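Notes for the structure review
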Amino acid sequence: MRFRQMATYRGVPYEVGVGPAESDVVLFAACPPPEELGFEPATGHWRKRVIRAEVDVLWESRPIGTFHGEACLVLDDLGDRLHIVYLGKDARRARELGYWQVDRGVFELLTPRDEVTSLNEEKVEKSLPRARPEPAAPPQPSYPYGAQPWSAAPLAAPAPADARGRGYPAEPALARDVLRTLEMHFSTIETALNYSPPDSIGVILYTQDAFADITRAPGWVGALNDGRIRVPVQGLTSVSDQLSSELKHELVHSFVWQKTRGRCPGWLNEGLAQWMEGRRSDRDAAGLIAAYEQGQYIPLKNLEGSWTRLPAPAARFAYAWSLAAVESIIATSGTWGIERLFDRFDVDPSFEAAMRASIQTSYADLERQTVTYLRQTYP
Ligand SMILES: [Zn+2]
């Protein structure tokens, strides 16, 4: 996770989410807080909604470390590797350290975890009455890499439109292989969603010591701000099954982004990307059913926006629950149901209205239907 928002409540620090209104703060706790504080149990964590005035201090916590003597910020925790960005001012020094310039003045690197030392959460206090404004188009959580799907935070700020063609040392065989894979997935997704994205899709591969920019290849030309796919491919010389799935997953996001102009609810986007990848709910079905029955689940409605503020267990649940919901929609209405749903985005004022018009369901119905589907399909 890139930045954690933290707050002190009655002398104890909690991770928090702010919103939907500026005055709303939700406190998250991984362990049950004292009962008198009135936290409610949720899936894998406890939460309490308070108002700003009840919170003492609000700050951002960001993991800062040292990479070969220079400060870096951890963008993403991929388990054995960290995705870091250079915090110094010296571009030459950044290159010497092996960083790659991904955008103008932005240097990033994937590095083995143990090469980053003095990892520390830096506390940046914020003035209380100000909420960070929601970006117009919330960043989409990225593919669930490895064991920590929740940590795939959005990458660095969108690039200015010249971020291509600077002669990065590419790995031509891998790049060609990736392109072939993407082209194959592209037509599969095109058919499934009955949609061709009009804008080109940028792809950037990260390797530990090289960074291949293959966006110059025919058909994929163009620097996109939002449809850009960034994939770490450490140690690979060809496309593995896992990389192929990751590429497909990210490619679905690019399709969805263009089709809905960034307005797709998070759960639908993540659920569809996982479904297209070939993931199914078999292993998660029992847990999801139990969570629903005990009322300890996150309503899909609450998973419409960005997930980057969700604590880890909640994010894990969110991925599984979203997949199950999309699976049940497709089981009932086919991918045509998804297609109709997307088409209603331009017509209906709210997402729930679009859902009613296209697949005749409300959130409550969809959740019920999903659980019924899970029970029947994975008994
Ligand atoms: Zn995703």
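Residues numbered from 1 in each chain as written. Predicted model: local features only at pLDDT ≥ 70, side-chain atom pairs only at ≥ 80, totals over all residues.

Quick word on the overall build of the protein
In terms of helices and strands, the protein carries eight helices and 14 strands. Counting only residues that meet the buried cut, the protein has 40% of its 379 residues in that class. The long-range share in the protein, meaning contacts at least 24 apart out of those at least 6 apart in sequence, stands at 67%. (Helix = DSSP H or I, 4+ residues; strand = E, 2+ residues; numbered from the N terminus. Buried ≥ 20, exposed ≤ 12 C-beta atoms within 10 Å, placed from the backbone. Contact = placed C-beta atoms within 7 Å.)

Quick word on the environment of Leu-366
You can see Leu-366 is positioned in helix H8 (residues 363-377). A residue is classified by how many C-beta atoms lie within 10 Å of it, and Leu-366, with 20 of them, is buried. Separated by 41 residues in sequence, Leu-366 and Ala-325 place their C-alpha atoms 7.1 Å apart.

Comments concerning unusual backbone geometry
With phi around 50°, Ser-118 is a residue other than glycine that occupies positive phi space. Relative to the elements of secondary structure, Ser-118 occurs in strand E11 (residues 116-126).

Remarks on the environment of Leu-37
With respect to the element layout, Leu-37 can be found in the loop between strand E3 (24-29) and strand E4 (40-42). Classification of Leu-37 by C-beta neighbours within 10 Å gives partly exposed; the count is 15. Taking the C-alpha atoms as reference points, Leu-37 and Arg-10, separated by 27 residues in sequence, lie 9.3 Å from one another.

So, the packing of helix H6 (residues 312-344) against H8
Orientation of H6 relative to H8, taken along the N-to-C sense of each, is 85°, at an axis distance of 9 Å. Classified by the interaxial angle, the pair formed by H6 and H8 is roughly perpendicular. Taking contact as the criterion, the partners of Ala-324, Ala-325, Glu-327, Ser-328, Ala-331 and Thr-332 in H6 are, on H8, Leu-366, Gln-369, Thr-370, Tyr-373 and Leu-374. (Axes fitted to C-alpha atoms, helices over the stretch in contact; angles between N-to-C directions. Parallel < 35°, antiparallel > 145°, perpendicular 65-115°, else oblique.)

Comments concerning H6
An ideal rise of 1.5 Å per residue puts 48 Å on 33 residues; H6 reaches only 32 Å between its terminal C-alpha atoms. Within H6, the axis deviates most sharply at Ser-333, by approximately 110°. (Expected span 1.5 Å × (residues − 1). Bend = angle between axes of the 7 residues up to and from the residue.)

Observations regarding the nonpolar core
In terms of nonpolar packing, the biggest core is built from 53 residues, with Leu-251, Val-252, Leu-272, Ile-298, Ala-318, Trp-321 and Ala-325 touching the most fellow members. Within the residue set of this core, elements represented by two or more residues are helix H2 (172-193), helix H3 (241-260), helix H4 (266-277), helix H5 (285-293), H6, helix H7 (351-359) and H8. Looking at this core, the element that brings in the most residues is H6, giving 15 residues. Composition of this core by domain shows at least three residues from each of domain 3 (172-260) and domain 4 (266-377). (Core = buried A, V, L, I, M, F, W, Y, C linked by C-beta atoms within 7 Å. Domains from an automatic or database assignment.)

Notes on the pairing of strand E10 (residues 106-112)
For E10, a buried count of five out of seven residues is recorded, marking the element as mostly surrounded by other parts of the structure. Examined bridge by bridge, strand E8 (residues 81-86) and E10 share five bridges and lie antiparallel to one another. The residue bridging Ile-84 from the neighbouring strand is Leu-109, located in E10. (Pairing = 2+ DSSP bridges.)

What about H3?
The end-to-end C-alpha distance of H3, which contains 20 residues, comes to 29 Å, matching closely the 28 Å that a straight helix rising 1.5 Å per residue would cover. Positive backbone phi, at 50°, marks Arg-261, one or two positions downstream of H3.

Some points on the confidence of the model for the protein
Averaged over all residues, the pLDDT of the protein is 73; the fraction at 70 or higher stands at 71%. Across the protein, the element-wise mean pLDDT spans from 32 in strand E13 (residues 211-213) up to 96 in H8. pLDDT under 50 marks residues 126-170. Its contacts with residues more than four places away, or in other chains, come to 90 contacts. Low pLDDT, under 50, characterises residues 207-227; the stretch is placed with 69 contacts to residues that sit more than four places away or in other chains. (pLDDT = per-residue confidence, 0-100.)

A few points about the environment of Pro-63
Along the chain, the position of Pro-63 falls in strand E6 (residues 57-67). Classification of Pro-63 by C-beta neighbours within 10 Å gives buried; the count is 21. When the C-alpha positions of Pro-63 and Leu-73 are compared, they lie 6.1 Å apart, and in sequence the two are 10 residues distant. Not counting residues within four places of it along the chain, the set of residues in contact with Pro-63 comprises Val-74, Leu-119 and Glu-121.

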